[in-house]
Every structure is written in C-alpha cells, then in structure tokens.
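As a plain string of letters, each chain reads:
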There are 2 protein chains.
Amino acid sequence: MAVVRLAAETQNAKLNTQNIESRVLLKIDQCLDRVHFDLREHGVELVGRKAVNRCLSDCAGMACWPTALMISVALPKEGPGSGEAFARELFLACQAAGAVFDCALVGGDTAIWDQRLAITVAAMGEMGEGAEPVLRSGAKAGDTVFVSGALGGSILGRHLTFEPRIRLAQELRKALGDGLHAMMDLSDGLAQDLPRMCAASAVGAKVYAERLPIHPDAEKMSAKDGLPAGLHALGDGEDYELLFVVESQKIPELIRISESGEVRLKAIGEIIDRSGLHLVDGRGGQHSWPQTGWEYES
Amino acid sequence: MAVVRLAAETQNAKLNTQNIESRVLLKIDQCLDRVHFDLREHGVELVGRKAVNRCLSDCAGMACWPTALMISVALPKEGPGSGEAFARELFLACQAAGAVFDCALVGGDTAIWDQRLAITVAAMGEMGEGAEPVLRSGAKAGDTVFVSGALGGSILGRHLTFEPRIRLAQELRKALGDGLHAMMDLSDGLAQDLPRMCAASAVGAKVYAERLPIHPDAEKMSAKDGLPAGLHALGDGEDYELLFVVESQKIPELIRISESGEVRLKAIGEIIDRSGLHLVDGRGGQHSWPQTGWEYES
C-alpha cells in the first residue's frame, strides 16, 4: 500500500513548460499479466485495449484530450504473450484503442524476457487553448459529489471493456467551466479514491449509501459471495468512471447533460469542511468510511 | 529479432501536432532486471540512472533536449527490488539522473507483482524554436560517418554509468546545421545500428576497421574471451555514443568540436550510394559486414 501511495503523490504532477503555448499533460500507466489481466483467459485485443484505456481514463480524469500514445512491452520468451504475431496484434490493438479518440500511437519499445507480459502506456494530452486541467484538489465545502455510470463488479468483464470517459469529461468541462471543482477517474474504487480527492482538497465528504449507482455486475458478485452489492460498488475498483465535484448551483446543468447523454450522472453526496468521510444510511445514520478496495497485488 | 525490428519501425516516429508551436518529441524505453541490469549485482542508484539515461540517450540521438520524464515501475513482491524503501530510492535515482539535464520527473506509476523488476521511462523533449529533429534517414552518398567516444566492452560497467550525449548532440546540431544529415544513439552496437541508419537512408556505407575507436574495455574483453577487440567494438552494444553522418565539408568544424570538447569524435567511414555495408581492412580489402551484436534476450 505504501508503494501505491508513492505513485499517487506524483500522479497529479503536471507539466508546465514555458516554451509550449498550450498546456500539455503526460500520463503513464502499466498493465501486467495476472495483475491487471490474465493471458490464460483474456485475448490480445482486450489486453491491448485495457492497457491503452487505463491510461486514457487517467487523461479523462483531468478533462484532458489525449493526442499521442507510446507503448512499451516486455514480452515473455515463452508461453502466453510470446512470439512476433502476438506483439504485432498487441500493437494493433493498442493503436485501435487510441484511434477511437484520434490519438496516434507514435512510438514504442519492445524487449523479451523470461518473465510475464508487462505493458506500459504513456500518453500525451492537451487541454486546448487557455484551458487548465481539472485536478483533485479543488473540492470545496458545499459542493456536490457526482459519479458517472454505475459501480462495482467490473471484474466480471467491464475492467477490460470499459470506455474511458474522455468525451464526457470534455462536455463537463465545457458546460460547467469553473464550476467543475475537482475530478479524477475511479480506478481503485470509490472507497479509496474519494479519500484521495478529499485529502488533496483538504476537505471531508458525506456519501449517501442509497444514492450509490450500483451496477448489475455488483449485484451478481453479491449473489456469488454474499457481500452487500453496495460494498462491491464502493470497493471493487476498476470502474474507470468519473468522480467529480461541482458547485451545487450547477446541478440543473448536470441533469441536462445526464438526460441528454449516454452516461448517467448521479449525485451521491456532498463535500463538508471538516476532514473525514462518512457513509450515510437510509435513516440518516452516519457510519465511518468503509476500509475496502482493490489492491493491485498478485 | 523480428520483435526487435517492430520497435525500430516505430522508434523514429515523431509527433507533429498542429496545436503546439514548438516541435515536441516523445520517447519510451524499458529497463528489465536480468536483461538490462541485474539486481543481484547492481545497486538501485545505478539501475535508476541507467533506466533514465537509456531514454535520454534516445533523445540525444535526435538532437532533442529532454524536458520531462515519467517513470513506471513494476516492483517484485519479494526479493531484490521489493519494498517501499527500494521504490523510493529508485524514484530518487531517476529524478537525479533527469536533473543532470534539468529534466523534471513529472509523473509515475507503480504496481507490485510476483515477477522481476521492470522499469519503463517515457521522456518528452523539445527541439527548440524552429529546429527539426535529426533523423536516421538523411545520410547521403559522400557523407562522412562519425562516432563519439570509444566502443566495446560496456558490459564491464559503462552500460550502467554512461552519460547520454545530450549536450554533444546539441552542439553538433548548432555547429553543423543542415550539414548534420543523420544521427542516432548506439544502443545495440555499430554492427546492428549502422545498417539500420543505412536502411532508413537508402544508402550503403564503408567503415575502416583501423579507424574504429576501440575502448580499453573492449581490449579487456578480448583478453578474456579471445575475440578480437574490434569485434567487441562493433558488436557489444550499449555504448550509448552518437553515430552521425555529416557533409564532408563540415569535417574541419568537427575537428574543432572534438579538440575543444570532452568527447572525442572519430571519422570511421563514408556513405556510399550502393546499398550494402562493408568493413575495410588495413590493406584496403573489403569484407562483408559483420553479423554480430548484442540481442536483448535473457
């Protein structure tokens, strides 16, 4: 966990060079066999797609449009993921995933080793003229907390097939302007990611359990393992949905976007000025924030 | 080998976005335990330094100044390279390597798995106002082929401690202007890298064996294994020196740079218009190009 924290510390870093007119962002993300996917079960197309889309989802989290991708691949010498044909298909799958957003694959590196497949994707993105990236650090007391889509149970397949919310993030930024106070993508689950946003913003939050958008896959997981579906929605992670915080007077605008668009937006809680997070039950009872969430350890 | 070719195909790709005033380049490179270094022998500082400098050497090869780095690390769960302290030291080592060129570490990603350490470094670089990257594809018949430094035997230590030729590449570009026809960094050895440059430029080359700058480490390797030192200079790889091709009338300029600078520049041959590469011996006899070179396979 400590090591994961180290990554989070640098994750919000953004580049601000004086020689470049428009604001450029850089992102890097890795996808490892038997951690983020399993080559014994998942085909090369899904694997390449996930590797790219994880990185693009990070771009979406800052309302940044990705413009260029690089892929670095450590290929196993033998077994699943070995061989030239696999490498070629992987590059094509990555290229196709970028092409969905007109984002070109501009470079790469391959090596062969006697370990499992490791894919690293780096993305460069642009904010567009004069626009600033949306950070995690702008949430203010009184703001409303939203999520896109529905959460939980992504392990049943959505962790491979999700669509990064690039277009939605652009729409939010354009429609809400400065009223979009903070945003990030949900990769480790709301239970872990909302505390990160709150810490970055030096605020607390209340989330209403009954308002959580629970994905049918979370219900399926619940039927399998007996854990509440809500806990799956909070903790499973790999939702790759947007978590964002807006000025409350922008809510009508959000209702319009939600009703006219393909992705449902749901107000799940509010930002409070005290630090600490609370889960509120149907009767208004306040509970401590659940310590749950996916950890990337094989 | 086929897979390595795939990387070379994309390696020269450069980014040309219309929204950005200055030309931006992106590079990605990986460094794997027991392929590019060995954690059983090499400390974290050398490993981080090599991971960054390999990528920066790629920037040097195009006369590009690196401005931002990202590091992605797959950390082993146990054994060499595991634990938070190692991760932190690795980030510091990477940061220090970038700082030599005022190149900031702006982001990163970490994950833990049950495989060996894999480090991926992505760099963004800038060409400066109006400048174009120096590619592999501009060599012309009659040009002179140069290398910086001395070659061979880097496995004895220089493969970890080399200095990427960022500053030299800038100096060459400024001093030679359009007369600097083609350039790349020598990562796989002259025997493999010169044919790549010739293929990209659709030319051939003659190299004079007696003019090859042979590093004392190549002599040491030769004393150990009985192979000629010249073969080590041609094939060992990981020299991270510059291979470059210039208009022959620029040679006096190069002599000046070589004599006033820290790095010796050596004319080793010439570009010919016929395709094919030849090694010329001390008596003028022409030999076929040696099929030798380091292959990154563990």
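Residues numbered from 1 in each chain as written. Chains lettered and ligands numbered in written order. Predicted model: local features only at pLDDT ≥ 70, side-chain atom pairs only at ≥ 80, totals over all residues. Heavy atoms only, no water.

K.L.:
I would appreciate a short explanation of the overall build of chain A in the present structure.
P.N.:
When helices and strands are counted, chain A shows nine helices and eleven strands. Computed over C-alpha atoms, the radius of gyration of chain A comes to 19 Å, within 12% of the 19 Å expected from 2.2 N^0.38 for 298 residues, which places it in the range of a compact globule. Dimensions of chain A along its principal axes, counting C-alpha atoms only, are 60 × 55 × 40 Å. Here chain A holds 298 residues, and the buried ones make up 61% of them. Once local pairs closer than 6 in sequence are excluded, the contacts in chain A between residues at least 24 apart make up 84%. In the structure as shown, chain A presents an accessible area of about 11,700 Å², 48% of it carried by carbon and sulfur atoms. Side-chain charges in chain A split into 30 positive and 41 negative, and the spacing between the mean points of these groups amounts to 3 Å. (Helix = DSSP H or I, 4+ residues; strand = E, 2+ residues; numbered from the N terminus. Rg over C-alpha atoms; globule rule 2.2 N^0.38 Å. Buried < 20%, exposed > 50% of the residue type's maximum accessible area, 1.4 Å probe, protein only. Contact = heavy atoms within 4.5 Å. Areas by Shrake-Rupley, 256 points an atom, 1.4 Å probe, with all protein chains shown as cover. Lys, Arg positive; Asp, Glu negative; His and termini not counted. Charge placed at Lys NZ, Arg CZ, Asp CG, Glu CD.)

K.L.:
Can you walk me through the sheet that holds strand E2 (residues 65-76) of chain A in this structure?
P.N.:
Paired through backbone hydrogen bonds, the strands of a sheet run either parallel or antiparallel to each other. All names here are of chain A. If you trace the four strands from one edge of the open sheet to the other, you get E1-E4-E2-E3, paired in mixed fashion. Looking at which strands have only one partner, the edges of the open sheet turn out to be strand E1 (24-32) and strand E3 (104-113). When the angles between neighbouring strand axes are averaged without regard to direction, this sheet yields 15 degrees. Sheet topology note: the E2/E3 ladder contains nine bridges and is parallel. When the sheet's bridge partners are listed, Ile71 is paired in E3 with Gly108. Set on the sheet, helix H3 (residues 84-99) makes contact with E2, E3 and strand E4 (118-126); between it and E2 the angle comes to about 165 degrees. (Pairing = 2+ DSSP bridges. Axes fitted to C-alpha atoms, helices over the stretch in contact; angles between N-to-C directions.)

K.L.:
Would you take a moment to explain unusual backbone geometry for this structure?
P.N.:
Trans is the prevailing form of peptide bonds, just as negative phi is the prevailing case for residues other than glycine. Its identity is not glycine, yet Asp102(A) carries a phi of approximately 55 degrees, on the positive side. Within the fold, Asp102(A) resides in the loop between H3 and E3. Its identity as a non-glycine residue notwithstanding, Arg34(B) has a phi of 70 degrees, on the positive side. As for its position among the elements, Arg34(B) is in the loop between strand E1 (24-32) and helix H2 (44-60). Here Arg34(B) falls in the partly exposed class, since its relative accessible area comes to 33%.

K.L.:
What is the right way to read the packing of aromatic side chains from this model?
P.N.:
What describes a pair of aromatic rings is the distance from one ring centre to the other and the angle between the planes of the rings. Counting across every chain of the model gives seven aromatic pairs over all chains. Between Trp65(A) and Phe101(A), the ring centres sit 6.1 Å apart and the planes meet at 75 degrees, which makes this aromatic pair edge-to-face. Of this pair, Trp65(A) sits in strand E2 while Phe101(A) sits in the loop between H3 and E3, and the two are 36 residues apart along the sequence. The class of Trp65(A) is partly exposed, set by a relative accessible area of 26%. Residue classification places Phe101(A) among the buried residues on the basis of a relative accessible area of 3%. The side chain of Arg211(B) reaches across the aromatic face of Tyr208(B), ending 4.5 Å from its centre. (Phe/Tyr/Trp six-rings, centres within 6.5 Å; stacked < 30°, edge-to-face > 60°. Lys NZ or Arg CZ within 6 Å of the ring centre and 35° of its normal.)

K.L.:
Would you mind going over helix H5 (residues 166-176) of chain B with me for this structure?
P.N.:
Within an α-helix, residues lying three or four positions from one another point in the same direction, as the helix has 3.6 residues per turn. If you check which residues of H5(B) are buried, you get Ile166(B), Leu168(B), Ala169(B), Gln170(B), Leu172(B), Arg173(B) and Leu176(B). Positive phi appears at Gly177(B), one or two residues downstream of H5(B), with a value of about 55 degrees.

K.L.:
Would you mind going over the packing of helix H5 (residues 166-176) of chain A against helix H9 (residues 251-260) of chain A with me for this structure?
P.N.:
Residue and element names in this part refer to chain A. Orientation of H5 relative to H9, taken along the N-to-C sense of each, is 145 degrees, at an axis distance of 11 Å. Seen from above, H5 lies across H9 with right-handed handedness. Contacts between H5 and H9 involve Leu168, Glu171, Leu172, Ala175 and Leu176 on the former and, on the latter, Glu253, Leu254, Arg256 and Ile257. Among the residues forming the contact of H5 with H9, the class breakdown is six nonpolar, no polar and three charged. (Left-handed = near helix turned anticlockwise from the far one by under 90°. Nonpolar A, V, L, I, M, F, W, Y, C, P; charged D, E, K, R; others polar.)

K.L.:
For this particular structure, what's the right way to read the pairing of strand E9 (residues 265-272) of chain A?
P.N.:
Both faces of the sheet carry side chains from a regular strand, because those side chains alternate between them. Residues and elements named next belong to chain A. With respect to burial, E9 is a largely interior element, six of its eight residues being buried. When strand E5 (residues 144-148) meets E9, the two strands line up antiparallel, connected through five bridges. Note on E9: the bridge partner recorded for Phe146 is Ala267. The pairing of strand E7 (residues 204-208) with E9 spans four bridges and is antiparallel. When the sheet's bridge partners are listed, Ala205 is paired in E9 with Ile271.

K.L.:
What should I look at first to understand H9(A) in this one?
P.N.:
Residues and elements named next belong to chain A. Buried residues of H9: Leu254, Ile257 and Ser258, and no others. Projected onto a plane normal to the axis of H9, the buried residues spread over an arc of 95 degrees and lie on a single side. Projecting away from the buried face of H9 at angles above 90 degrees are the exposed residues Pro252, Glu259 and Ser260. Where H9 is buried, its residues contact E5, H5, strand E8 (242-246) and E9. (Arc of directions from axis to C-beta.)

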